[in-house]
Every structure is written in structure tokens, then in C-alpha cells.
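Summary of structural features
Here is how the chains run, residue by residue.
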Amino acid sequence: MVAVIGIGYIGLPTALMLAASGVETVGVDLNSSVVDRLNNGKITFEEEGLEELFAKAVANGIRFTTEYPKADVYIIAVPTPYDKNSRKIEPKYVVSAASMVLDVCPKGSVMVIESTISPGTIDRFVRPVFAEKGKKIGEDAYIVHAPERIIPGNMIYELEHNSRTFGADEREIGEKIRDLYGRFCKGELVVTDIRTAEMTKVVENTFRDINIAYANELAKICRSDNMDVYEIIRIANKHPRVNILSPGPGVGGHCISVDPWFLVGDYPGLANIILAARKINDSMPEYTLERIHSIMKENGMTEVGRVGLYGLTYKEDVDDTRESPTLQMLESMAKHLSTGIKIYDPFIRDKMVEGQIMDFDEFLDSIDLVVIMVGHSHIKQNMDKLKNKIVFDTRNICDIEGVYKL
Ligand code: SAJ
């Protein structure tokens, strides 16, 4: 039996996938309202294909509980909150989950850590839990690190098709877990050691951060000299070995904007490109704000209250707002004592920031300048409503005549 500890964004689809592929699975979460909701047949967040997968897993007997059960394999997918000041992750939930697993696990069971962690976390924080409990790694229980790789918005497809990494002290244990994931995953399944698996995860996200930073720097260069960055990237990407990502109003989410800091923190003086990329991407909300001011000026606008930000989430078609560029921009505006801006996001149904308007038409009626911060499908389907507005499109999704770009 497999127990998935932490049934949130990563744990829930993983548990459902296992159950749907015929593995006896229990989902465990200390939050009883999440457990109750799932046991009542309701999913806890929106994601393409999740509903159908849930139905299949339920038909195969998946259960949800707040109690840690006896199991052969425990998959830990609890949150690792990020501390903005120290730029480190807080491993306390991983540590307490590991400790609770050790209280109940049968001899020889495997603890798989999927949560995003910084390199060295298993040595520094998880191995010591074994010592505290008087347990021996490799005898009482084993540790595997299988960092998650799925992208919100395409999670179910990616769970099935992405390649995965399994870091273990003993190869046989890595292979045992590889075979378990092989029940539902068709991607290449690679077995390695724990430190390599930890580092690889951070390296992947840092690669993407650096690529986005390059696109953002190009956007600034092109703006300064009146060139079209999107056309330049589009043409450059026709080269078979070039793939530049897209500029945008900033980089958000719990991974790309967070993980590179682990390398900067752990390797000062060595992680130079990584640090520069982080700084460029972090500068984008402020840069976007400067663009808003110059567009306002160009159009004779004086009132921030007639400006509307479309999108609060960190990217399109998800409901996650962690580290979102819009929130970063609002923070920066508050510092400049500039308030009154209007905000709308179709994915955010509860009011979370000052100035937020819950109805799209009401939002549009109250503003003259729309700033597209997130390219949700919703705005793509409602482009005709923007015709009489001044539009600043930071995501390059809109081809209306006269639209301002980054
Ligand atoms: N962004 C741009 N330009 C781009 C692409 C993205 O500005 O061309 C921005 C997005 O708008 C967003 C941020 O970057 O604010 C991050 O979004 P994302 O779609 O690049 O990535 P995440 O954070 O949703 O998911 C990433 C993925 N990692 C990689 O692609 C290497 C995912 O596979 C990981 O599972 C996830 O991080 C994670 O949890 O680590």
C-alpha cells in the first residue's frame, strides 16, 4: 500500500494517478476539511482532467484520512514554504511528516520525498530525524527523493509523460520506487543518488529562470532602441538550436522565482549568472510599472484609479497567486504610496487585495487603461470588450491595433 502524505497541488494528482493505475492508495492530510471534502466526492482545486481522474481513483477505492497508516511506501508531498527575507525554504513540514512516518512505518518501508527542497535538505534535516527516533536509515526505513516536475495547468498529462528522477542511497531501493511510478508514468525514469536528485531539480528551474531573464533583458534593450522584441525572438527561435522564452511582467510561482536563490545562497561568488537572472526577473514588476506611467503620460492620464490590472495569479489559467508579478507590483506601488488602481482576475473569487473588482464588466467600466498582466484564456475570449480601451499587453497575447507592449 502507498500512503501519500499531503494531498495538495502535487500530492492529490499523484495519489489519484497511483490509485487509478490500480495501486492501493491512501491520501493523508492533517487538514480535516480537505480530507472531508475529498471523502465527500469533491476535488479541492481546479486542474484540467482532475475531476475524471478523481472519479477513476474513487472507483478503485482510494481513501482519504487524517491518520498516518501503516504502508509499504510513503510519498511526502507537503508544502515547503519560502521565507522571503532569508530566501530559504522552511523544511519544518517535511521534517514533521518524516517524523510521523517513522512513528508508524513497518520495518523496510520507503519514504519518498517529492516536496521541493533545497540541495542538502535531506542530509541536514531528514537524516537527523532517523537518529532522533532511534531508527536506522537503510534498515528501519529508506529515503528516496523523487522531485516533482509537473507544471500547473498541464499536471495530469505531465504526470503521465514527463521523465522522472529517483535519488536513493541504494540502487535497488531507487529501482523499486521507479517501478512503482512506472505503473502510471511513461516517461524515462532515471535512478541516481539523493544529492544529484536534489540538485537536478533546482538546476532545471534555474535554467528556465535564466532563459526568461534573457528574454526580459532583450525586452528592455529593444524598448530602449525602438525594436520589436517579440518579432526578434520569433525569428531567432527559428534557428534549430535557439529557444528563447517570452518576456513578461515578472516571474512568479513557488518554484522558478524561488529555487535559484538556493544556489545563490549556498554558493556565493560562484552563482553569478543565476544571481543576475534573479535580479532581472525581480526588476520586471517595477519596470512594468514605469511603462504604465509612461503610457499614462502619453495619453494624458493622471489618475491611477482609471488604470486596471487584469490578472492576479502568477500565470495563465491557474488560481495560484504565490509570488505573482501583480502582487509584487502592488507591493511596490504601496511603497510609492500610489494606490487606487483597479484589479480583476476571473480565477480569484474571494477578495484578496485592495481595489479588486469582482465583476469583469464593472472592472472595464471603471477604467480607461487595461494592463494585461496574465494571459488567461478568459481575456483572449473577451478581446472585443477591450476595443475602446487603451491596452498595455505585457504578455503579447493581443493583436488589436495600437496596443502597447512591454
Ligand atoms: N514566465 C515568463 N515567460 C515565459 C515562461 C514563464 O515570464 O516564457 C513566467 C510565468 O508567467 C510565471 C513564471 O515564469 O510567472 C513561472 O511559470 P512557469 O510556467 O515557467 O513555471 P511553473 O513555476 O508553473 O512550473 C515550474 C516548471 N519547471 C520548469 O519548467 C523547469 C515545472 O515543471 C516544475 O514542476 C515547477 O516549476 C516546480 O514545481 O518546480
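Residues numbered from 1 in each chain as written. Predicted model: local features only at pLDDT ≥ 70, side-chain atom pairs only at ≥ 80, totals over all residues. Heavy atoms only, no water.

**Digging into the site of the ligand**
Applicable threshold: We call a residue near a molecule or strand whenever a single non-hydrogen atom of that residue lies within 4 Å of it. Distance and chemistry together define a polar contact, namely a pair of N or O atoms within 3.5 Å, with one atom able to donate a hydrogen and the other to accept it when in protein, and with adjacent residues in sequence counting only for side-chain atoms on both sides. Each residue gets one label: Ala, Val, Leu, Ile, Met, Phe, Trp, Tyr, Cys and Pro are nonpolar, Asp, Glu, Lys and Arg are charged, and the others, such as Gly, are polar.
Looking at the ligand, there are 20 residues lining it, with Glu148, Lys201, Arg208, Cys255 and Tyr314 nearest. For the ligand, an oxygen atom lies 2.7 Å from a polar atom in the backbone of Arg149. Separating an oxygen atom of the ligand from a side-chain N or O atom of Arg395 is a distance of 2.8 Å. Across the shell around the ligand, the residue classes break down as nine nonpolar, four polar and seven charged.

**Considerations on the sheet that holds strand S14 (residues 390-393)**
Cut-off, in case you're wondering: When DSSP finds two or more bridges between two strands, those strands count as paired. Under the scheme used here, helices are H or I runs from DSSP no shorter than 4 residues and strands are E runs no shorter than 2 residues, and both carry numbers assigned from the N terminus.
Across the sheet, five strands lie side by side as S12-S11-S13-S14-S15; this open sheet has parallel pairing. In this open sheet, the two edge strands, each paired with only one partner strand, are strand S12 (342-344) and strand S15 (404-405).

**Points about the environment of Lys380**
Stated formally: In this scheme, a residue with accessible area under 20% of its type's maximum is buried, one over 50% is exposed, and one in between is partly exposed, where area comes from a 1.4 Å probe on protein chains only. Throughout, a contact is declared for two residues whenever any of their heavy atoms are within 4.5 Å.
Examined against the element boundaries, Lys380 turns out to sit in helix H14 (residues 377-381). Here Lys380 falls in the partly exposed class, since its relative accessible area comes to 46%. Between the alpha carbons of Lys380 and Ala215 there is a distance of 23 Å; along the sequence they are 165 residues apart. In this view, Lys380 contacts Gly375 and Ile397; residues no more than four positions away in its chain are not counted.

**Remarks on the nonpolar core**
For soluble globular proteins, the rule of thumb is that nonpolar side chains tend to be buried together. Short version of the rule: Each nonpolar core is a collection of buried residues, namely Ala, Val, Leu, Ile, Met, Phe, Trp, Tyr and Cys, held together in the definition by side-chain atoms within 4.5 Å.
In terms of nonpolar packing, the biggest core is built from 44 residues, with Leu16, Phe64 and Val112 touching the most fellow members. In terms of residue count, the dominant contributor to this core is helix H1 (residues 11-20) (seven residues). The contact partners of Val112, leaving out residues within four places of it in the chain, are Val73, Tyr74, Ile75, Ile76, Val144, Ala146, Ile177 and Tyr181. In this structure, Ile5, Tyr74, Met111 and Leu263 belong to the second largest nonpolar core, which totals 36 residues.

**A few points about the domain arrangement of the protein**
As a reminder of what qualifies: These domain limits were set by an automatic method or by a database of domain assignments. Two parts placed together each lose some accessible area under a 1.4 Å probe, and adding up what both lose gives the buried area. Basic side-chain nitrogens of Lys or Arg form a salt bridge, by our definition, when they fall within 4 Å of a carboxyl oxygen of Asp or Glu.
Along its sequence, the protein is carved into domain 1 (2-192) and domain 2 (204-405). Contacts between the two partners involve 18 residues from domain 1, matched on the other side by 18 residues from domain 2. Around 1500 Å² of area is buried between domain 1 and domain 2 when both sides are counted, 51% of it from carbon and sulfur atoms. The tally of links between domain 1 and domain 2 comes to three salt bridges. Here Lys84 makes a salt bridge to Glu331, at a shortest N to O gap of 4.0 Å. Summed over the shared surface of domain 1 and domain 2, the result is five residue pairs in polar contact (both at pLDDT 80 or more).

**Quick look at the sheet that holds strand S4 (residues 73-76)**
For clarity, the cut-off: All axes are obtained by fitting lines to C-alpha atoms, using only the stretch in contact for helices, and the reported angles, taken between N-to-C directions, cover 0 to 180 degrees.
Strand order in this open sheet of eight strands is S3-S2-S1-S4-S7-S8-S9-S10, and the pairing throughout is mixed. On the outer flanks of this sheet lie strand S3 (63-65) and strand S10 (189-192), each paired with one strand and no other. Each neighbouring strand pair of the sheet contributes to a mean axis angle of 25 degrees, computed without reference to strand direction. Where strand S1 (residues 2-5) lies against strand S2 (residues 25-28), four bridges are found, and the strand directions are parallel. What sits directly across from Val2, in S2, is Thr25. The strands touched by helix H5 (residues 121-132) within the sheet are strand S7 (109-113) and strand S8 (141-145), with S8 carrying the most contacts at an inclination of about 160 degrees.

**Looking at the packing of helix H8 (residues 194-224) against helix H9 (residues 229-236)**
Our working definition: Working definition: roughly parallel below 35 degrees, roughly antiparallel above 145 degrees, roughly perpendicular at 65 to 115 degrees, and oblique for all remaining angles. Crossings are sorted by hand: turned counterclockwise from the far helix by less than a right angle, the near helix makes the crossing left-handed, and turned clockwise it makes it right-handed.
Axis separation between H8 and H9 bottoms out at 9 Å; the angle between their running directions is 130 degrees. Considering the angle they form, H8 stands oblique to H9. Considering only the axes of H8 and H9, their crossing is right-handed. Counted together, Ala215, Leu218, Ala219 and Cys222 of H8 and Val229, Ile232 and Ile233 of H9 form the full contact between these two elements. Class assignment for the residues of the contact of H8 with H9 results in seven nonpolar, no polar and no charged.

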